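Listed below, chain by chain, are the residues.
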Number of protein chains: 2
Amino acid sequence: MLNPKFSAKPAAGTKSLGIRELSELCAERAKVVGIENVYDFTLGNPSTPPPQAVLDCIKELAEAEDQVAIHGYSSNQGFDETREAIAKSYNRRFGCNMTKDNFIMVSGATTALHTISIILNIDENSELIAIAPFFPAYHTVAAVGGNKLVIVPPDTENFQINMEALEAAINPNTQGVIINSPNNPSGTIYSPETIQKIANLLIKKSEEYGHAIYIIADEPYRELVYTDEIVPYIPDYYPNTIIAYSYSKSLSFAGDRIGYVCTDNNIEDFDGVWRALKKAALTAGNVCAPSFFQRVIEKCVDVEPNMDDYIYNRNLLMNGLQEIGIHTANPSGAFYLFVQAPFGMSAPEFAELCVKHDIYIVPADSFGCPGWLRLSYCVSRATCEGSLPGFAAAYKEAEAMAAAK
Amino acid sequence: MLNPKFSAKPAAGTKSLGIRELSELCAERAKVVGIENVYDFTLGNPSTPPPQAVLDCIKELAEAEDQVAIHGYSSNQGFDETREAIAKSYNRRFGCNMTKDNFIMVSGATTALHTISIILNIDENSELIAIAPFFPAYHTVAAVGGNKLVIVPPDTENFQINMEALEAAINPNTQGVIINSPNNPSGTIYSPETIQKIANLLIKKSEEYGHAIYIIADEPYRELVYTDEIVPYIPDYYPNTIIAYSYSKSLSFAGDRIGYVCTDNNIEDFDGVWRALKKAALTAGNVCAPSFFQRVIEKCVDVEPNMDDYIYNRNLLMNGLQEIGIHTANPSGAFYLFVQAPFGMSAPEFAELCVKHDIYIVPADSFGCPGWLRLSYCVSRATCEGSLPGFAAAYKEAEAMAAAK
């Protein structure tokens, strides 16, 4: 009485080098050689505790009077006070004029993106565009809404956007373009010029096809910036922008599942878009965002991230790897260093070489960027320091393999 | 450049008496007459704080050493320790032999049910069955998986299950039957005899159609029982059972979004079902269940619910309304009293009469049970006490209206 659908096994011999699989491999190896002798750069799980103001706020809430309300449901859209606090922060930082009604609190960026994908399923041919390199979960994001995901190949020179390739990917079925800046995995911030070019292109294409093409601004890394570059506020360039935000990275809150969907007031058909978003959030499983952490956000909306470790790790690894001879992208933001497999090697080959030195980094083939690998430096300083000899050895072995060919 | 899909407004004149709408109406009224003068029985939002052991555990976690791990991601399936703790509790309570691998932690019962619905979409004709009265969100549950929801009419005599009607609803496309006991909204516990009858029927039908028909056991109210009735452990009766659990109600944790999906070991094709469940949880938006509260559950898995207020409210309202002459179901569990609109009135009509006395109760038309209303008694004792004169007046007015016809 089985359901044959469940019994279907993945095709034999499928190469499995996904993020979670590599992370689990590393955990197994750590049991053998000790956790201090493995270098796990696989996961985007913050390695620094939440800022002290956040930890203090959690303690206060744990001691607060009204524990019924703190642990009860909020409205589907989230607590008024939380959304008002975020609106004020936006108004101060970006000069906009928002209220609580510009926000719906959700369970992290995944739920935010699922919600947006659901509303952009205009008909059975709807397409979303992802620009490589991109986070592989965008495949699920598109599928959840019933949309086809179209991939724009990467600009591996600057990790900005190949505008001709983007234009070629847009067609009458395109409903949205996902813009993730600072970018996972490249660490790049899309420049104001890049955003302006996308805006111009999408305005032209929206007119040509007679319907809005939305920018889906996936911005969990907005607060993690290491240079003096500005992360453009996209609605200023392009009103038909829907923002997906998460506190997972900025407040080291990945397990607390708290974020929001937001639009500025200048989006066309504000009421229609918001009616659709509120309904879609329920379909995306968002009864309400976690109440306790909504209250934390209300009090800590402008708390700065704890970046000391990330700054140290970024500089150490970028300089260390470049000295070894490994080519990297310029990690302006987020907490990823994007490295090129040396000597024309494939990324899975270089990843395997690194594993021999107990270093675990993720081939970016599944990020739409073959030949590159993602290194998450949200790890301890010791992990970064300890990994450099292994990277040097792996690089030398790659060199020898290339010479022997 | 609008998307016409967003601009489509709900049909004019649609009668909107949903749970959240009534609750908002009540909140508006409270601003006028004062919160102490309205009687809001609309929401299933616990009115009692989490048990003291849970509150103490939250304080301990807030003070704990390793705040990085406490606020970081767990694995997709949840922390091993949390799942092991729950498995041990099951083994002790139900005599089974589970491990962590029988559980996936999710963001509340909604995510659990969405996950199960997704795996039960075997093909485009797949159907799930809900037994009236049922929680209206089951419509979304079915739709998220791409399944059709088929409704079995209620047994308004005992609020058990009309077995002939259930049998008539099952066909070759039936993939699952949702069993919600203790029931929202009737408060009824399905008896061992009822569960045995369902099991017999589904075994027969699974054989007849050559595929498993699963029981989806939606059990957030399992711990809230007021009588000496036993809530049957359904896998003992029917191995092909998938359990959706949430701590929202038992630990007054509705805003903390924590629950699980589980199956016993006796389910057919355990590996296949679990491969499907783990994948579906991601589609349902479950990156990981909230980590902080997973840790709370790990420590507090066997903490008993705070039921004193519910016991008081249940007895007061059941006796009070029955004395007035209002017919109610027998509320063995959960925190709902299910009442019949008196004098052959429709439920929306009686709800409107109650609103005139500032009492807000939910017509169960949307629960598949016209002529009945749901009263959530997870409210203050004062709300219950203060409502009785209003109920008596509404009943008298209903009587007068009936006499005038």
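Residues numbered from 1 in each chain as written. Chains lettered and ligands numbered in written order. Predicted model: local features only at pLDDT ≥ 70, side-chain atom pairs only at ≥ 80, totals over all residues.

In this section: the overall build of chain A. Along the backbone of chain A there are 14 helices and 12 strands. Against the compact-globule benchmark of 22 Å for 405 residues, chain A has a radius of gyration of 22 Å, which places it among compact chains. Taken along the three principal axes of its C-alpha coordinates, chain A extends 65 × 60 × 55 Å. A burial count over chain A gives 52% of its 405 residues as buried. Of the contacts formed within chain A by residues at least 6 apart in sequence, a portion of 76% connects residues at least 24 apart. (Helix = DSSP H or I, 4+ residues; strand = E, 2+ residues; numbered from the N terminus. Rg over C-alpha atoms; globule rule 2.2 N^0.38 Å. Buried ≥ 20, exposed ≤ 12 C-beta atoms within 10 Å, placed from the backbone. Contact = placed C-beta atoms within 7 Å.)

Right, let's get into the sheet that holds strand β3 (residues 127-131) of chain A. Residue and element names in this part refer to chain A. In space, the seven strands of this open sheet follow the order β2-β8-β7-β6-β5-β3-β4, with mixed pairing throughout. In this open sheet, the two edge strands, each paired with only one partner strand, are β2 (103-106) and β4 (148-152). Each strand of the sheet is rotated relative to its neighbour by a mean of 20°, with strand direction disregarded. Across four bridges, β3 lies against strand β5 (residues 174-180) in parallel orientation. Opposite A130, over in β5, you have I178 as the bridge partner. (Pairing = 2+ DSSP bridges. Axes fitted to C-alpha atoms, helices over the stretch in contact; angles between N-to-C directions.)

Strand pairing in a sheet is mediated by backbone hydrogen bonds. Such pairs are either parallel or antiparallel. Residues and elements named next belong to chain A. The antiparallel open sheet is built from three strands, whose spatial order is β9-β12-β11. Pairing within the sheet leaves two strands with one partner each, and these edge strands are β9 (336-340) and β11 (362-363). Two strands pair when backbone bridges link them, and β9 and strand β12 (residues 372-376) are joined in this way by five bridges, in the antiparallel orientation. From the neighbouring strand, Q340 faces β12, where its bridge partner is W372.

Quick look at the interface of chain B and chain A now. Each side of the interface is counted separately: chain B has 57 residues, and chain A has 57 residues. Only α1 (4-7), α3 (52-63), α4 (67-71), α6 (108-119), α7 (138-144), α9 (192-209), α10 (270-283) and α11 (291-300) of chain B provide two or more residues apiece to the side of chain B that touches chain A. Here the element with the most residues in the side of chain B that touches chain A is α10(B); it accounts for six residues. Grouping the amino acids of the side of chain B that touches chain A by side-chain chemistry returns 24 nonpolar, 24 polar and nine charged. (Nonpolar A, V, L, I, M, F, W, Y, C, P; charged D, E, K, R; others polar.)

Once that is clear, we can look at the relation of the copies chain B and chain A. Both copies of the chain are tied together by a single rotation about an axis and a shift running along it. Rotating chain B by 180° and translating it 0.0 Å along the rotation axis places it on chain A, where the RMSD comes to 0.0 Å. Interpreted geometrically, this transformation is the action of a two-fold axis. A shared binding surface is used by both copies, with 98% of the interface residues of chain B retained as interface residues in chain A. (Least-squares fit on C-alpha atoms with pLDDT ≥ 70 in both.)

All names here are of chain B. In this fold, Y377 is placed in the loop between β12 (372-376) and α14 (381-404). Y377 gets classed as buried once you count the C-beta atoms within 10 Å, which come to 26. Sequence separation between Y377 and P290 is 87 residues, and the spatial gap between their C-alpha atoms is 28 Å.

All names here are of chain B. With respect to the helices and strands, the residue T328 is situated in the loop between α12 (308-324) and β9 (336-340). Given 19 C-beta atoms within 10 Å, T328 falls into the partly exposed group. Separated by 46 residues in sequence, T328 and R374 place their C-alpha atoms 9.9 Å apart.

Moving on to the domain arrangement of chain A. All names here are of chain A. Segmenting chain A into domains produces domain 1 (4-50 + 306-404) and domain 2 (52-300). Centre-to-centre separation of domain 1 and domain 2, based on C-alpha positions: 27 Å. Counting residues at the interface gives 28 residues for domain 1 and 29 residues for domain 2. If you list the elements that add at least two residues to the side of domain 1 that touches domain 2, you get α12 (308-324), β9 and β12. Of the residues assigned to the side of domain 1 that touches domain 2, the class counts are 17 nonpolar, nine polar and two charged. (Domains from an automatic or database assignment.)

What follows concerns helix α5 (residues 80-94) of chain B. Spacing of three or four residues puts side chains on the same side of an α-helix, whose turn is 3.6 residues. Residues and elements named next belong to chain B. Compared with an ideal rise of 1.5 Å per residue, which puts 15 residues at 21 Å, α5 spans 21 Å between its outermost C-alpha atoms and is within 8% of the ideal. Of all the residues in α5, the buried ones are T82, R83, I86, A87 and Y90. Projected down its long axis, α5 carries its buried residues within an arc of 130°, all on one side. Contacts from the buried residues of α5 go to β2 (103-106), β8 (259-262) and α11. In the stretch just after α5, G95 is the one whose phi turns positive, near 65°. (Expected span 1.5 Å × (residues − 1). Arc of directions from axis to C-beta.)

Residue and element names in this part refer to chain A. Per-chain confidence: chain A averages 95 in pLDDT, with 96% of residues scoring 70 or above. Counted against residues more than four places away or in other chains, residues 10-14, with its pLDDT under 50, gives zero contacts. In the predicted assembly, ipTM is 0.94 and pTM is 0.95. (pLDDT = per-residue confidence, 0-100.)

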